[in-house]
Amino acid sequence: MIALKLGVTANDVKNVIIWGNHSSTQYPDVNHAKVKLQGKEVGVYEALKDDNWLKGEFVTTVQQRGAAVIKARKLSSAMSAAKAICDHVRDIWFGTPEGEFVSMGVISDGNSYGVPDDLLYSFPVVIKNKTWKFVEGLPINDFSREKMDLTAKELTEEKETAFEFLSSA
């Protein structure tokens, strides 16, 4: 969506973060994303200059993407999941390029972003020698904090429900 809006290829956009759950609460964050425009790397916010779109339509469209695929195809969005798995395997195998990170659902233990431990939560990570590490120290604004907390709350509730189910089985 960012690439289309700016008239560049998807390869020209990097470091977009998906925080949290793979659900309608996931939060696509471009606060740290970069785009190559006319040979120069600039921040996505600076390039787009459209806060309303970035906090509104962009976020909701990404959050509803899975449901939109299912609605349009009348079938599962399994190919999207398969593509994501392939991308993850590629990233783990080859690592992330210097200065770039990817979003990956990993265990939240030890993160510096205030996400509770023991959740499988999507974070920005770098990968080297087939080992991932959290990207540390990214500033989080109030809008992002609210979205990150909402998706963490949903994951915590899902975990509690799963444990209740397992303990009663």
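Under an unreviewed UniProt entry, the protein has the name Lactate/malate dehydrogenase C-terminal domain-containing protein and belongs to Aotus nancymaae. In its Sequence similarities (unreviewed entry) section, UniProt records this for the protein: "Belongs to the LDH/MDH superfamily. MDH type 2 family."

J.: Mind showing me how you'd approach the sheet that holds strand S6 (residues 102–107) here?
T.: The strand order S6-S7-S8 describes an open sheet built from 3 strands, whose pairing is antiparallel. Both edges of this open sheet fall to S6 and strand S8 (131–134), since each of them pairs with a single strand only. The mean inter-strand angle of the sheet, taken between neighbouring strand axes irrespective of direction, is 60 degrees. One ladder, built from 4 bridges, connects strand S7 (residues 120–128) with S8; its direction is antiparallel. Of the residues in S8, the one forming a bridge with Ile127 is Trp132.

J.: Any chance you could explain the side chain of Thr25 here in plain terms?
T.: With respect to the helices and strands, Thr25 occurs in the loop between strand S2 (17–19) and strand S3 (27–29). A polar atom in the side chain of Thr25 sits 3.0 Å from the side chain of Ser23.

What counts and how
Residues numbered from 1 in each chain as written. Predicted model: local features only at pLDDT ≥ 70, side-chain atom pairs only at ≥ 80, totals over all residues. Heavy atoms only, no water. UniProt positions renumbered as here; feature names shortened; annotations may be inferred. Pairing = 2+ DSSP bridges. Helix = DSSP H or I, 4+ residues; strand = E, 2+ residues; numbered from the N terminus. Axes fitted to C-alpha atoms, helices over the stretch in contact; angles between N-to-C directions. Polar contact = N/O pair within 3.5 Å; in protein donor to acceptor, adjacent residues only side chain to side chain.

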